[in-house]
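So you can see what is in the structure, the chains are spelled out below.
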Amino acid sequence: MKFDLAGQGIRHLNRYLHEPESQGAEVEVDNPSGSHNIAVGALHNCQVLVNGHVGYYCAAMNQHAEITVRGNAGPGLAENMMSGTVRIMGNASQYCGATAHGGLLIIEGNASSRCGISLKGLDIVVAGSIGHMSAFMAQTGRLVVCGDAAESMGDSIYEARIYVRGKVASLGTDCIEKPMGDEHIQELRKLLERAGLDYAAGAFKRYGSARRLYNFDVDNASLY
Amino acid sequence: MCGIVGLYTKNSELQSSLGSLLSAMLVQMADRGPDSAGIAIYHDTVGTESIKVTLQGDQDTDWQLIERQIAEGLDPTVKVAPIATHAVVLLSVDGDHAVEWIDGNLDAVRMTSNGRSIEIYKERGHPREVIETFGLDDMTGTHALGHTRMATESRVTTEHSHPFSTGMDLCLVHNGSLSNHNRLRENLRADGIRFQTDNDSEVAAGYLTWRLKQGATLKESMEAALADLDGFYTFAIGTKNGFAVLRDPIACKPAVLAETDDWVAMSSEYRSIAQLPGNEKARVWEPNPATVYSWERES
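No experiment lies behind these values; they were computed from the predicted model shown.

**Topic: the overall build of chain B**
- Looking only at helices and strands, chain B has eight helices and 16 strands in total.
- Against the globule reference of 19 Å for 299 residues, chain B gives a C-alpha radius of gyration of 18 Å, in line with a compact fold.
- For chain B, the spread of C-alpha atoms along the principal axes amounts to about 55 × 45 × 35 Å.

Next up, the structure:
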């Protein structure tokens, strides 16, 4: 199935991705030219390949679909994604993966500011570096960064786990470095493998909440 | 929400199509700002003994009368070339004197720019209409900025539209909103900076004018703005030989920069840059917060 956005509107593509007939389909999208809302709200297990750069909110609210973008993504990539896989072969703009509940988001380039803000269960793997205020108030889910992290990473973080291979410019309030246990090495190795990245898990450091800012109750530890 | 675009040619062959390229970029930003649009274009540089002023009137402005008034009161050699509701005025007098005279003597029109290269055109209406009104597609030049406005802080009028002149051959376009503009405007007024509107972005322009008048470089002025302006902003600032970009330290107002061997472009969104020749091979990145980016050609 092919969509040429130079001729057909975005709604044409998105409606198709909402319908059961897209189940199992291989969809190719040409001439995205940075348009907004490409492949938003996909509901079925299908493959979507976008040939070019995308604008705001690409792959937002995604469920089940495997979406690949051969280019850069604008703000709000995979916002509130529920499941499935989204892979960006270039860079992602600000607040990618915001409030997302599940699935895997892979950025092959860099992610800009507020990456994974208010994360609620999505796993994000960034092959490059991330911008300032990333993982702000992240509740659960994992953020893996193979490059560096800019200022105030993990500010007011809850129980999301962050793994960074490079330098962290500064940690936000209540975010601290934590020891890497075997279980962390194992989960990081799996995430890197799923993202297709060949880095040694031992080269990463783990960051998370100091639990001084919110009312952490040890009885709820199994929820995260 | 507003849209900003800027294009700076490195390859002189692109200068003949600067207007049409900027127009293609600006139309992409129409959704971000359907209320009004404006452009600053740098071209047809006049000699060191001359000055070029853009005046903004309306459909009923009698430009022949304006020309006579200037000829009698300021400069007998004046040439006035009307373009829709605006006119480009060529003068052979001292720049500061010309600005002061026009400000004090021409009540029917308002000055949008002054310098040796810059011309500023802005009008209410959909960006596509504004582009057609001024014939942007046929304009040539070295570099240009454009703005599409969705008003949040002040009314939708031509005077409130961007770009705002910040001095000789300087202008500013803004996406965002400033929260300390009222106090800052009063302070700047007390120091002799003139304001035409209650617009927050005009205060940012006035602030830079004030810093530059004190002898600061453009880069120093922009760095000082980081401390003195409170609010959200992505600024693009046009200079005689190039342009500069600055985002506030939180940087939630979008900005994309792209560069090839032939041009440097900035926009609120990538889709404007996708209109440019060779965009698929451009280096594309987001400017860092609180960091001054600038491009200058040798003058």
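Next comes the rest of the write-up.
**With respect to the overall build of chain A**
- Summing up its helical and strand segments, chain A has two helices and 11 strands in all.
- Evaluated residue by residue, chain A yields a buried proportion of 52% over its 224 residues.

**Section: the sheet that holds strand β15 (residues 283-285) of chain B**
Residue and element names in this part refer to chain B.
- An order of β7-β2-β8-β1-β14-β13-β15 is seen for the seven strands of this open sheet, with the pairing classed as antiparallel. The open sheet is flanked by β7 (118-124) and β15, the only strands paired with a single partner. With strand direction ignored, the average angle separating the axes of adjacent strands in the sheet is 10°.
- In terms of strand pairing, strand β13 (residues 256-259) meets strand β14 (residues 263-267) through four bridges, oriented antiparallel. Bridging from a neighbouring strand, Glu-259 pairs with Val-264 of β14.
- In this fold helix α1 (residues 18-28) packs onto β1 (2-9), β2 (36-42), β8 (143-149) and β14, with an angle of close to 155° to the strand it touches most, β1.
- Along the sheet, helix α4 (residues 127-134) contacts β2, β7 and β8; its crossing angle with β7, the most-contacted strand, is approximately 130°.

**What about the domain arrangement of chain B?**
Residue and element names in this part refer to chain B.
- Each assigned domain of chain B is listed with its residue range as follows: domain 1 (2-45 + 126-296) and domain 2 (46-116).
- On a C-alpha basis, the centroid separation for the pair domain 1 and domain 2 is 24 Å.
- Contact with domain 1, which involves 12 residues of that partner, is made by 11 residues of domain 2.
- Across the side of domain 1 that touches domain 2, the residue classes break down as four nonpolar, five polar and three charged.

**Digging into the sheet that holds strand β5 (residues 86-91) of chain B**
All names here are of chain B.
- Strands sit in the order β4-β5-β3-β6 across an open sheet of four strands; the sheet is antiparallel. Of all strands in the sheet, those with a lone pairing partner are β4 (79-83) and β6 (110-115), marking the two edges. The sheet shows a mean angle of 20° between the axes of neighbouring strands, taken without regard to direction.
- In this structure, strand β3 (residues 51-56) lies alongside β5, joined through six bridges in antiparallel fashion. Note that in β5 the partner of Val-53 across the bridge is Val-89.
- Each of β4 and β5 touches helix α2 (residues 63-73); the most contacted strand, β4, lies at about 155° to it.

**Points about the nonpolar core**
- In this structure, A:Ala39, A:Cys96, A:Leu105, A:Val126 and A:Val144 are the most contacted members of the largest nonpolar core, which totals 74 residues.
- Among residues more than four places away in sequence, those in contact with A:Cys96 are A:Ala73, A:Leu77, A:Ala78, A:Leu105, A:Ile107, A:Ala111 and A:Cys115.
- Core analysis: the second largest hydrophobic core is formed by 66 residues, B:Ile4, B:Ala204, B:Leu208 and B:Ala255 among them.

**Focus: the interface of chain A and chain B**
- The interface is formed by 13 residues belonging to chain A together with 10 residues belonging to chain B.
- Considered class by class, the residues forming the side of chain A that touches chain B number one nonpolar, 12 polar and no charged.

**Describing helix α2 (residues 182-195) of chain A**
- Over its 14 residues, α2(A) runs 20 Å from end to end, which matches the ideal 20 Å to within 8%, given 1.5 Å per residue.
- On its buried side, α2(A) packs onto β6 (104-107), β7 (120-126), β8 (140-145) and β9 (161-164) of chain A.

**Concerning unusual backbone geometry**
- Omega for the bond connecting B:His162 with B:Pro163 falls within 30 degrees of zero, at -5°, which places this linkage in the cis form.
- Mapping B:Pro163 onto the fold places it in the loop between β8 and β9 (164-167).
- Notably, A:Ser33 is not glycine yet its phi reads approximately 45°, a positive angle.
- Take A:Ser33: it is sitting in the loop between β2 (26-30) and β3 (47-51).
- The phi dihedral of B:Ala290 is positive, around 50°, even though this residue is not glycine.
- With respect to the secondary-structure elements, B:Ala290 resides in the loop between β15 and β16 (293-296).

**Brief notes about helix α6 (residues 200-213) of chain B**
Residues and elements named next belong to chain B.
- Taking 1.5 Å per residue as the helical rise, α6 with its 14 residues ought to reach 20 Å, and the 20 Å between its terminal C-alpha atoms agrees with that figure.
- Within α6, 12 of the 14 residues are buried, which leaves it mostly tucked inside the rest of the structure.
- Taken together, the buried residues of α6 touch β9, β10 (170-178), α5 (181-190), α7 (218-228) and β11 (231-239).

**Observations concerning the confidence of the model for chain B**
- Looking at chain B, pLDDT values average 93 and 99% of them are 70 or higher.
- Scoring the predicted complex yields pTM 0.88 and, for the interface, ipTM 0.81.

Rules of the game
Residues numbered from 1 in each chain as written. Chains lettered and ligands numbered in written order. Predicted model: local features only at pLDDT ≥ 70, side-chain atom pairs only at ≥ 80, totals over all residues. Helix = DSSP H or I, 4+ residues; strand = E, 2+ residues; numbered from the N terminus. Rg over C-alpha atoms; globule rule 2.2 N^0.38 Å. Buried ≥ 20, exposed ≤ 12 C-beta atoms within 10 Å, placed from the backbone. Pairing = 2+ DSSP bridges. Axes fitted to C-alpha atoms, helices over the stretch in contact; angles between N-to-C directions. Contact = placed C-beta atoms within 7 Å. Domains from an automatic or database assignment. Nonpolar A, V, L, I, M, F, W, Y, C, P; charged D, E, K, R; others polar. Core = buried A, V, L, I, M, F, W, Y, C linked by C-beta atoms within 7 Å. Expected span 1.5 Å × (residues − 1). pLDDT = per-residue confidence, 0-100.

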